[in-house]
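Geometric and topological summary
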Amino acid sequence: MVVQRGGMLVGLVGKTNVGKTTFFSAATLVEAERENRPFVTINPNEGIGYVRVRSACREFGVKCQPKYGWCNGHTRYVPIKLLDVAGLVKGAHRGRGLGNKFLDDLRRASVNIIVIDAAGSTDEEGNPVPPSSHDPLEDVRMVKEEFALWVVSIVKRSMSKIRGKVISGSPVDAALYEILSGLDISRGLIKEVLMDLSLEKSPESWSEEELIVFSRELLKKGKPFVVAANKIDIPEAEDNIKRLSTSLEEPVIPVSAEAELILRKAARSGLIRYEPGDSDFEIVDESSLTRAQLRVLDSIRERILKRYGTTGVQKTIETAVFDVLGMKVVFPVENESKLSDKDGNLLPDAILLPPSATVRDLAEKIHTEIAKKALYGIDVRNKRRISLDHVLKQRDIVKIVVAR
Ligand SMILES: Nc1nc2c(ncn2[C@@H]2O[C@H](COP(=O)(O)OP(=O)(O)OP(=O)(O)O)[C@@H](O)[C@H]2O)c(=O)[nH]1
Ligand SMILES: [Mg+2]
(Lines give C-alpha, C1' and ligand atoms only; values in the text may rest on other atoms or scores of the structure.)
(Ligands and ions follow the chains in the order given, each with its own letter.)
Protein backbone atom coordinates (compact mmCIF):
# COMPACT_ATOMS: atom_id res chain seq x y z
CA MET A 1 0.00 0.00 0.00
CA VAL A 2 1.39 3.42 -0.88
CA VAL A 3 0.88 6.65 1.00
CA GLN A 4 0.28 10.01 -0.56
CA ARG A 5 3.14 12.46 -0.91
CA GLY A 6 4.07 14.26 2.28
CA GLY A 7 1.91 11.96 4.40
CA MET A 8 2.24 12.56 8.10
CA LEU A 9 4.63 10.63 10.31
CA VAL A 10 3.81 9.21 13.74
CA GLY A 11 6.75 7.94 15.83
CA LEU A 12 6.80 5.01 18.27
CA VAL A 13 9.20 5.48 21.16
CA GLY A 14 9.79 4.05 24.58
CA LYS A 15 11.93 2.01 26.87
CA THR A 16 13.35 -1.08 25.28
CA ASN A 17 11.28 -4.31 25.28
CA VAL A 18 7.81 -2.85 25.93
CA GLY A 19 6.07 -3.74 22.64
CA LYS A 20 6.85 -0.91 20.22
CA THR A 21 7.52 -3.25 17.32
CA THR A 22 4.47 -5.37 18.21
CA PHE A 23 2.35 -2.19 18.10
CA PHE A 24 3.99 -1.23 14.80
CA SER A 25 3.34 -4.64 13.21
CA ALA A 26 -0.23 -4.70 14.52
CA ALA A 27 -0.93 -1.31 12.93
CA THR A 28 0.90 -1.86 9.65
CA LEU A 29 0.99 -5.66 9.17
CA VAL A 30 4.68 -5.22 8.38
CA GLU A 31 6.68 -8.09 9.83
CA ALA A 32 9.61 -7.04 12.02
CA GLU A 33 11.68 -8.73 14.67
CA ARG A 34 10.01 -8.97 18.09
CA GLU A 35 11.35 -10.74 21.12
CA ASN A 36 11.18 -10.65 24.90
CA ARG A 37 14.63 -9.13 25.53
CA PRO A 38 16.12 -5.63 25.35
CA PHE A 39 17.34 -3.99 22.13
CA VAL A 40 15.85 -6.26 19.51
CA THR A 41 15.12 -3.40 17.10
CA ILE A 42 18.20 -1.55 15.90
CA ASN A 43 17.31 -0.02 12.55
CA PRO A 44 13.98 1.82 12.28
CA ASN A 45 10.94 0.13 10.72
CA GLU A 46 8.66 2.26 8.60
CA GLY A 47 5.16 1.27 7.51
CA ILE A 48 1.66 2.48 6.78
CA GLY A 49 -1.04 2.66 9.44
CA TYR A 50 -4.46 4.29 9.23
CA VAL A 51 -6.79 6.74 10.87
CA ARG A 52 -10.51 6.25 10.50
CA VAL A 53 -13.02 8.87 9.47
CA ARG A 54 -16.71 8.53 8.69
CA SER A 55 -16.78 8.27 4.95
CA ALA A 56 -18.55 10.83 2.77
CA CYS A 57 -19.74 8.22 0.28
CA ARG A 58 -22.72 7.00 2.25
CA GLU A 59 -24.55 10.32 2.51
CA PHE A 60 -24.35 10.65 -1.28
CA GLY A 61 -25.26 7.04 -2.00
CA VAL A 62 -22.04 6.30 -3.87
CA LYS A 63 -19.06 4.05 -3.25
CA CYS A 64 -15.59 5.51 -2.57
CA GLN A 65 -12.75 4.51 -4.87
CA PRO A 66 -9.79 5.48 -2.69
CA LYS A 67 -6.39 5.95 -4.31
CA TYR A 68 -4.82 5.28 -0.92
CA GLY A 69 -6.20 3.35 2.03
CA TRP A 70 -9.67 1.80 1.80
CA CYS A 71 -13.35 2.32 2.57
CA ASN A 72 -15.85 -0.28 3.80
CA GLY A 73 -18.92 1.74 2.89
CA HIS A 74 -19.15 3.68 6.14
CA THR A 75 -15.60 4.11 7.43
CA ARG A 76 -12.69 5.42 5.43
CA TYR A 77 -9.17 4.31 6.44
CA VAL A 78 -6.74 7.14 5.67
CA PRO A 79 -3.04 6.25 5.56
CA ILE A 80 -0.36 7.73 7.81
CA LYS A 81 3.27 6.67 8.22
CA LEU A 82 4.43 4.94 11.37
CA LEU A 83 8.05 4.77 12.46
CA ASP A 84 9.23 2.17 14.99
CA VAL A 85 12.67 2.90 16.38
CA ALA A 86 15.20 1.30 18.71
CA GLY A 87 14.29 1.29 22.39
CA LEU A 88 15.95 3.48 24.94
CA VAL A 89 17.05 3.30 28.55
CA LYS A 90 17.91 6.00 31.04
CA GLY A 91 21.10 7.76 29.99
CA ALA A 92 20.50 7.25 26.26
CA HIS A 93 21.47 10.89 25.62
CA ARG A 94 24.89 10.04 27.08
CA GLY A 95 25.16 7.00 24.82
CA ARG A 96 23.79 4.30 27.15
CA GLY A 97 22.03 1.35 25.53
CA LEU A 98 21.89 2.07 21.84
CA GLY A 99 22.46 5.77 22.54
CA ASN A 100 20.29 8.49 21.06
CA LYS A 101 21.10 8.22 17.38
CA PHE A 102 17.60 6.89 16.71
CA LEU A 103 16.12 10.07 18.14
CA ASP A 104 17.42 11.61 14.93
CA ASP A 105 15.11 9.26 13.04
CA LEU A 106 12.17 10.73 14.93
CA ARG A 107 12.85 14.33 13.97
CA ARG A 108 10.31 14.24 11.15
CA ALA A 109 7.54 12.81 13.36
CA SER A 110 4.74 15.27 14.13
CA VAL A 111 3.69 13.37 17.23
CA ASN A 112 5.18 10.47 19.16
CA ILE A 113 3.47 7.55 20.83
CA ILE A 114 5.28 6.53 24.02
CA VAL A 115 4.72 2.81 24.37
CA ILE A 116 5.01 1.55 27.96
CA ASP A 117 4.70 -1.81 29.66
CA ALA A 118 1.71 -0.88 31.81
CA ALA A 119 1.86 -4.24 33.58
CA GLY A 120 5.26 -3.29 35.00
CA SER A 121 6.74 -6.56 33.76
CA THR A 122 10.04 -5.15 32.51
CA ASP A 123 12.63 -3.43 34.68
CA GLU A 124 14.46 -0.13 34.08
CA GLU A 125 16.79 -1.84 31.62
CA GLY A 126 14.02 -3.68 29.76
CA ASN A 127 14.65 -7.11 31.28
CA PRO A 128 11.57 -9.28 31.91
CA VAL A 129 10.45 -9.29 35.59
CA PRO A 130 7.19 -10.42 37.25
CA PRO A 131 4.21 -8.06 36.68
CA SER A 132 4.00 -5.07 39.05
CA SER A 133 7.75 -5.18 39.79
CA HIS A 134 8.37 -1.89 38.02
CA ASP A 135 6.48 1.42 37.92
CA PRO A 136 5.68 2.31 34.28
CA LEU A 137 5.20 5.96 35.27
CA GLU A 138 8.98 6.16 35.64
CA ASP A 139 9.36 5.01 32.05
CA VAL A 140 7.16 7.81 30.70
CA ARG A 141 9.20 10.35 32.67
CA MET A 142 12.44 8.76 31.48
CA VAL A 143 11.44 8.96 27.81
CA LYS A 144 10.34 12.59 28.07
CA GLU A 145 13.52 13.51 29.88
CA GLU A 146 15.75 11.74 27.37
CA PHE A 147 14.00 13.64 24.58
CA ALA A 148 14.55 16.93 26.38
CA LEU A 149 18.20 16.12 27.07
CA TRP A 150 18.64 15.27 23.41
CA VAL A 151 17.44 18.77 22.45
CA VAL A 152 19.73 20.19 25.14
CA SER A 153 22.66 18.36 23.56
CA ILE A 154 21.84 19.75 20.10
CA VAL A 155 21.73 23.30 21.46
CA LYS A 156 24.96 22.84 23.42
CA ARG A 157 26.75 21.35 20.44
CA SER A 158 25.82 24.37 18.35
CA MET A 159 26.51 27.03 20.97
CA SER A 160 29.34 28.73 19.08
CA LYS A 161 27.17 28.91 15.98
CA ILE A 162 24.33 30.43 17.98
CA ARG A 163 26.73 32.94 19.54
CA GLY A 164 27.99 33.97 16.09
CA LYS A 165 24.47 34.53 14.82
CA VAL A 166 23.33 36.50 17.86
CA ILE A 167 26.47 38.68 17.74
CA SER A 168 25.83 39.46 14.10
CA GLY A 169 22.35 40.71 15.00
CA SER A 170 20.16 37.65 14.52
CA PRO A 171 17.24 37.37 17.00
CA VAL A 172 17.53 34.48 19.48
CA ASP A 173 14.51 32.66 18.02
CA ALA A 174 16.00 32.83 14.51
CA ALA A 175 19.36 31.50 15.72
CA LEU A 176 17.69 28.62 17.57
CA TYR A 177 15.38 27.92 14.66
CA GLU A 178 18.35 27.47 12.39
CA ILE A 179 20.16 24.97 14.56
CA LEU A 180 16.93 23.11 15.39
CA SER A 181 15.59 23.17 11.83
CA GLY A 182 15.90 19.39 11.57
CA LEU A 183 13.26 19.08 14.30
CA ASP A 184 10.55 20.43 12.06
CA ILE A 185 9.34 22.91 14.69
CA SER A 186 8.30 26.36 13.45
CA ARG A 187 10.16 29.54 14.27
CA GLY A 188 6.91 30.98 15.58
CA LEU A 189 6.66 28.22 18.16
CA ILE A 190 10.27 28.70 19.27
CA LYS A 191 9.54 32.41 19.71
CA GLU A 192 6.39 31.65 21.67
CA VAL A 193 8.24 29.32 24.06
CA LEU A 194 11.01 31.90 24.57
CA MET A 195 8.41 34.55 25.39
CA ASP A 196 6.48 32.27 27.74
CA LEU A 197 9.67 31.56 29.66
CA SER A 198 10.89 35.20 29.43
CA LEU A 199 14.12 33.97 27.90
CA GLU A 200 15.30 36.98 25.93
CA LYS A 201 19.03 36.73 26.57
CA SER A 202 21.37 34.75 24.31
CA PRO A 203 21.34 30.98 24.99
CA GLU A 204 25.02 31.23 25.85
CA SER A 205 24.13 32.86 29.13
CA TRP A 206 21.26 30.49 29.96
CA SER A 207 21.67 28.36 33.04
CA GLU A 208 21.57 24.57 32.74
CA GLU A 209 18.07 24.72 34.26
CA GLU A 210 16.86 27.30 31.74
CA LEU A 211 18.15 25.19 28.88
CA ILE A 212 16.34 22.05 30.05
CA VAL A 213 13.11 23.91 30.79
CA PHE A 214 13.24 25.45 27.31
CA SER A 215 13.75 22.01 25.74
CA ARG A 216 10.89 20.47 27.70
CA GLU A 217 8.47 23.25 26.80
CA LEU A 218 9.49 23.23 23.16
CA LEU A 219 8.88 19.50 22.90
CA LYS A 220 5.60 19.70 24.77
CA LYS A 221 4.25 22.12 22.18
CA GLY A 222 6.14 21.05 19.09
CA LYS A 223 6.45 17.26 19.44
CA PRO A 224 3.58 16.16 21.66
CA PHE A 225 3.25 12.69 23.14
CA VAL A 226 0.45 10.18 23.58
CA VAL A 227 0.93 7.22 25.92
CA ALA A 228 0.06 3.70 24.75
CA ALA A 229 -0.33 1.76 28.02
CA ASN A 230 0.48 -1.65 26.56
CA LYS A 231 -0.06 -5.20 27.85
CA ILE A 232 -3.60 -4.72 29.22
CA ASP A 233 -4.01 -8.45 28.72
CA ILE A 234 -1.96 -8.78 31.93
CA PRO A 235 -4.34 -8.07 34.85
CA GLU A 236 -1.77 -6.02 36.82
CA ALA A 237 -1.96 -3.32 34.12
CA GLU A 238 -5.40 -2.14 35.20
CA ASP A 239 -4.48 -0.35 38.41
CA ASN A 240 -1.37 1.13 36.88
CA ILE A 241 -3.39 2.63 34.06
CA LYS A 242 -5.75 4.39 36.48
CA ARG A 243 -2.75 5.90 38.24
CA LEU A 244 -1.06 6.86 34.97
CA SER A 245 -4.18 8.61 33.69
CA THR A 246 -4.42 10.80 36.77
CA SER A 247 -0.68 11.54 37.04
CA LEU A 248 0.11 12.38 33.42
CA GLU A 249 -0.97 15.34 31.33
CA GLU A 250 -0.69 13.28 28.13
CA PRO A 251 -3.60 11.08 27.02
CA VAL A 252 -3.16 7.50 28.25
CA ILE A 253 -4.78 4.78 26.13
CA PRO A 254 -5.09 1.18 27.33
CA VAL A 255 -3.59 -1.09 24.65
CA SER A 256 -2.86 -4.70 23.88
CA ALA A 257 -0.59 -4.65 20.85
CA GLU A 258 -0.26 -8.42 21.01
CA ALA A 259 -4.05 -8.89 20.83
CA GLU A 260 -4.39 -6.49 17.90
CA LEU A 261 -1.64 -8.31 16.04
CA ILE A 262 -3.37 -11.67 16.59
CA LEU A 263 -6.74 -10.31 15.43
CA ARG A 264 -5.35 -8.63 12.35
CA LYS A 265 -3.42 -11.71 11.29
CA ALA A 266 -6.46 -13.92 11.86
CA ALA A 267 -8.52 -11.51 9.76
CA ARG A 268 -5.93 -11.49 7.00
CA SER A 269 -6.00 -15.29 6.92
CA GLY A 270 -9.78 -15.20 6.61
CA LEU A 271 -10.35 -16.87 9.99
CA ILE A 272 -12.27 -13.96 11.48
CA ARG A 273 -13.96 -10.77 10.33
CA TYR A 274 -12.29 -7.85 12.08
CA GLU A 275 -11.20 -4.38 11.06
CA PRO A 276 -8.72 -2.20 12.99
CA GLY A 277 -10.51 -0.46 15.84
CA ASP A 278 -13.52 -2.80 15.92
CA SER A 279 -14.96 -3.60 19.34
CA ASP A 280 -15.57 -7.24 18.47
CA PHE A 281 -14.79 -9.87 15.80
CA GLU A 282 -16.76 -12.62 14.14
CA ILE A 283 -15.46 -16.13 13.62
CA VAL A 284 -15.91 -17.15 10.00
CA ASP A 285 -15.96 -20.91 10.45
CA GLU A 286 -15.41 -22.35 13.89
CA SER A 287 -14.43 -25.77 12.53
CA SER A 288 -11.39 -24.29 10.77
CA LEU A 289 -9.88 -23.16 14.11
CA THR A 290 -7.95 -25.29 16.59
CA ARG A 291 -9.04 -25.41 20.23
CA ALA A 292 -5.98 -23.39 21.19
CA GLN A 293 -6.84 -20.71 18.63
CA LEU A 294 -10.42 -20.53 19.89
CA ARG A 295 -9.17 -20.17 23.44
CA VAL A 296 -6.89 -17.27 22.51
CA LEU A 297 -9.67 -15.49 20.62
CA ASP A 298 -12.09 -16.02 23.47
CA SER A 299 -9.66 -14.62 25.99
CA ILE A 300 -9.08 -11.52 23.81
CA ARG A 301 -12.81 -10.99 23.70
CA GLU A 302 -13.35 -11.46 27.44
CA ARG A 303 -10.25 -9.82 28.87
CA ILE A 304 -9.71 -6.98 26.42
CA LEU A 305 -12.60 -6.15 24.10
CA LYS A 306 -15.37 -6.50 26.70
CA ARG A 307 -13.40 -4.72 29.38
CA TYR A 308 -11.70 -1.93 27.44
CA GLY A 309 -13.86 -1.63 24.31
CA THR A 310 -11.07 -2.21 21.76
CA THR A 311 -7.42 -3.33 21.68
CA GLY A 312 -6.50 0.37 21.76
CA VAL A 313 -3.99 0.38 18.88
CA GLN A 314 -6.27 2.23 16.48
CA LYS A 315 -7.52 4.50 19.24
CA THR A 316 -3.96 5.50 20.15
CA ILE A 317 -3.10 6.50 16.58
CA GLU A 318 -6.34 8.45 16.23
CA THR A 319 -5.90 10.19 19.58
CA ALA A 320 -2.46 11.31 18.40
CA VAL A 321 -3.60 12.50 14.97
CA PHE A 322 -7.06 13.92 15.71
CA ASP A 323 -7.16 14.86 19.40
CA VAL A 324 -3.58 15.93 20.01
CA LEU A 325 -2.61 17.37 16.63
CA GLY A 326 -6.17 18.36 15.71
CA MET A 327 -5.73 17.12 12.13
CA LYS A 328 -8.74 16.97 9.84
CA VAL A 329 -9.57 14.90 6.78
CA VAL A 330 -10.80 16.72 3.68
CA PHE A 331 -12.09 15.14 0.46
CA PRO A 332 -11.05 17.10 -2.65
CA VAL A 333 -12.93 16.40 -5.89
CA GLU A 334 -12.63 17.78 -9.39
CA ASN A 335 -16.18 17.13 -10.50
CA GLU A 336 -18.51 18.43 -7.82
CA SER A 337 -21.67 16.81 -9.14
CA LYS A 338 -20.14 13.35 -9.61
CA LEU A 339 -17.78 13.67 -6.60
CA SER A 340 -15.00 12.35 -8.79
CA ASP A 341 -11.60 13.18 -10.19
CA LYS A 342 -11.17 13.75 -13.92
CA ASP A 343 -10.92 10.00 -14.53
CA GLY A 344 -14.25 9.39 -12.84
CA ASN A 345 -12.89 7.87 -9.61
CA LEU A 346 -15.34 8.60 -6.81
CA LEU A 347 -14.01 10.45 -3.76
CA PRO A 348 -10.49 9.29 -4.65
CA ASP A 349 -8.58 11.36 -2.10
CA ALA A 350 -8.81 11.90 1.63
CA ILE A 351 -6.23 14.45 2.69
CA LEU A 352 -5.03 14.99 6.26
CA LEU A 353 -4.54 18.67 7.06
CA PRO A 354 -3.50 20.59 10.18
CA PRO A 355 -6.20 22.41 12.21
CA SER A 356 -5.73 25.85 10.69
CA ALA A 357 -5.50 24.63 7.07
CA THR A 358 -7.33 26.65 4.43
CA VAL A 359 -8.52 26.00 0.88
CA ARG A 360 -5.15 27.32 -0.27
CA ASP A 361 -3.31 24.81 1.93
CA LEU A 362 -5.41 22.02 0.48
CA ALA A 363 -4.51 23.17 -3.04
CA GLU A 364 -0.85 23.26 -2.03
CA LYS A 365 -1.07 19.73 -0.73
CA ILE A 366 -2.63 18.46 -3.96
CA HIS A 367 -0.15 20.12 -6.28
CA THR A 368 1.92 23.32 -6.25
CA GLU A 369 0.69 23.99 -9.81
CA ILE A 370 -2.91 23.85 -8.65
CA ALA A 371 -2.08 26.15 -5.76
CA LYS A 372 -0.59 28.70 -8.17
CA LYS A 373 -3.70 28.73 -10.36
CA ALA A 374 -6.32 28.35 -7.63
CA LEU A 375 -9.04 31.04 -7.66
CA TYR A 376 -11.47 29.85 -4.99
CA GLY A 377 -13.08 26.70 -3.65
CA ILE A 378 -16.57 25.24 -3.69
CA ASP A 379 -18.02 23.61 -0.61
CA VAL A 380 -19.59 20.64 -2.38
CA ARG A 381 -22.23 19.96 0.28
CA ASN A 382 -23.94 23.33 -0.13
CA LYS A 383 -22.40 24.37 -3.48
CA ARG A 384 -21.21 27.65 -1.99
CA ARG A 385 -18.10 29.46 -3.01
CA ILE A 386 -15.39 29.62 -0.36
CA SER A 387 -12.32 31.85 -0.51
CA LEU A 388 -8.77 30.55 -0.56
CA ASP A 389 -8.39 31.76 3.04
CA HIS A 390 -11.43 29.83 4.25
CA VAL A 391 -10.49 27.45 7.06
CA LEU A 392 -11.63 23.91 6.27
CA LYS A 393 -13.50 21.59 8.66
CA GLN A 394 -13.31 17.87 9.31
CA ARG A 395 -14.90 15.91 6.39
CA ASP A 396 -15.38 18.89 4.09
CA ILE A 397 -15.75 17.98 0.42
CA VAL A 398 -14.11 20.65 -1.68
CA LYS A 399 -13.64 21.47 -5.32
CA ILE A 400 -10.83 23.86 -6.14
CA VAL A 401 -11.55 26.12 -9.07
CA VAL A 402 -8.42 27.02 -11.05
CA ALA A 403 -7.68 29.67 -13.67
CA ARG A 404 -7.37 28.32 -17.19
N1 LIG B 1 1.48 -9.62 27.30
C2 LIG B 1 1.79 -8.83 26.29
N3 LIG B 1 3.03 -8.87 25.78
C4 LIG B 1 3.33 -8.04 24.75
C5 LIG B 1 2.37 -7.14 24.21
N6 LIG B 1 2.95 -6.47 23.20
C7 LIG B 1 4.21 -6.91 23.12
N8 LIG B 1 4.45 -7.87 24.05
C9 LIG B 1 5.68 -8.66 24.23
O10 LIG B 1 6.73 -7.80 24.63
C11 LIG B 1 7.99 -8.30 24.12
C12 LIG B 1 8.73 -7.20 23.40
O13 LIG B 1 8.02 -6.85 22.23
P14 LIG B 1 8.68 -5.94 21.08
O15 LIG B 1 7.57 -5.51 20.22
O16 LIG B 1 9.84 -6.64 20.46
O17 LIG B 1 9.21 -4.73 21.99
P18 LIG B 1 10.05 -3.41 21.57
O19 LIG B 1 9.59 -2.33 22.46
O20 LIG B 1 9.97 -3.20 20.12
O21 LIG B 1 11.51 -3.85 22.02
P22 LIG B 1 12.97 -3.36 21.47
O23 LIG B 1 12.90 -3.17 20.01
O24 LIG B 1 13.85 -4.49 21.84
O25 LIG B 1 13.27 -2.12 22.23
C26 LIG B 1 7.63 -9.47 23.20
O27 LIG B 1 7.85 -10.67 23.92
C28 LIG B 1 6.16 -9.27 22.94
O29 LIG B 1 5.48 -10.48 22.67
C30 LIG B 1 1.05 -7.14 24.76
O31 LIG B 1 0.14 -6.42 24.35
N32 LIG B 1 0.84 -8.00 25.81
MG1 LIG C 1 11.39 -3.21 18.69
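In this text the structure is predicted, and so the values were computed from the model without any measurement.

**Notes on the side chain of Arg264**
Structurally, Arg264 can be placed in helix α9 (residues 257-268). Buried charge without a partner: Arg264 forms no salt bridge, and the closest opposite charge is Glu260, 4.6 Å away. Not counting residues up to four positions away in its chain, the partners in contact with Arg264 are Ala26, Ala27, Thr28, Leu29, Trp70, Tyr274 and Pro276.

**Focus: helix α3 (residues 136-157)**
A rise of 1.5 Å per residue sets the reference length of α3, with its 22 residues, at 32 Å; its end C-alpha atoms lie 32 Å apart and thus fit the reference within 8%. Of the residues that open α3, the one with a side-chain oxygen 2.9 Å from the backbone nitrogen of Leu137 is Asp135.

**Observations regarding the coordination of the magnesium ion (ligand 2)**
Around the magnesium ion (ligand 2), the protein contributes the donor atoms Thr21 (OG1) and Thr41 (OG1), which lie 2.0 Å from the metal centre. You can see Thr21 sitting in helix α1 (residues 20-28) and its partner Thr41 sitting in the loop between α1 and β2 (45-54), a full 20 residues away along the chain. As far as the burial class goes, Thr21 and Thr41 line up, both buried.

**Some details on the packing of aromatic side chains**
Across all of its chains, the model carries five aromatic pairs by this definition. Geometrically, the ring pair formed by Tyr50 and Trp70 is edge-to-face, given 4.8 Å between the ring centres and 70 degrees between the ring planes. Of this pair, Tyr50 sits in strand β2 while Trp70 sits in strand β3 (residues 70-71); the two residues are 20 residues apart in sequence, bridging distant segments of the chain. On the accessibility criterion, Tyr50 (7% relative accessible area) is buried. With centroids separated by 5.1 Å and ring planes inclined at 90 degrees, the aromatic side chains of Phe147 and Phe225 adopt a geometry described as edge-to-face. Placement of the pair is Phe147 in helix α3 and Phe225 in strand β6 (residues 225-230), with a sequence separation of 78 residues. Clustering of aromatic rings is evident, with ring pairs tying together Tyr50, Trp70 and Tyr77. The ring of Phe281 has Arg301 lying over it, and the distance from NZ or CZ to the ring centre is 4.2 Å.

**Examining the domain arrangement of the protein**
Along its sequence, the protein is organised into domain 1 (1-135 + 219-326) and domain 2 (329-402). On a C-alpha basis, the centroid separation for the pair domain 1 and domain 2 is 31 Å. Surface buried jointly by domain 1 and domain 2 totals about 1900 Å² across both partners, of which 56% is contributed by carbon and sulfur atoms. On inspection of domain 1 and its partner domain 2, the count reaches three salt bridges. Inspection of the domain 1/domain 2 interface yields nine residue pairs in polar contact (both at pLDDT 80 or more). Per-element accounting of the side of domain 1 that touches domain 2 gives the leading share, four residues, to strand β4 (residues 75-84). Residue composition of the side of domain 1 that touches domain 2, by class: 16 nonpolar, five polar and six charged.

Calculation notes
Residues numbered from 1 in each chain as written. Chains lettered and ligands numbered in written order. Predicted model: local features only at pLDDT ≥ 70, side-chain atom pairs only at ≥ 80, totals over all residues. Heavy atoms only, no water. Helix = DSSP H or I, 4+ residues; strand = E, 2+ residues; numbered from the N terminus. Buried < 20%, exposed > 50% of the residue type's maximum accessible area, 1.4 Å probe, protein only. Lys, Arg positive; Asp, Glu negative; His and termini not counted. Salt bridge = Lys/Arg side-chain N within 4 Å of Asp/Glu carboxyl O. Contact = heavy atoms within 4.5 Å. Expected span 1.5 Å × (residues − 1). Polar contact = N/O pair within 3.5 Å; in protein donor to acceptor, adjacent residues only side chain to side chain. Donors = N, O, S within 2.8 Å, 3.2 Å for Na, K, Ca; no water. Phe/Tyr/Trp six-rings, centres within 6.5 Å; stacked < 30°, edge-to-face > 60°. Lys NZ or Arg CZ within 6 Å of the ring centre and 35° of its normal. Domains from an automatic or database assignment. Buried area = accessible area lost by both parts, 1.4 Å probe. Nonpolar A, V, L, I, M, F, W, Y, C, P; charged D, E, K, R; others polar.

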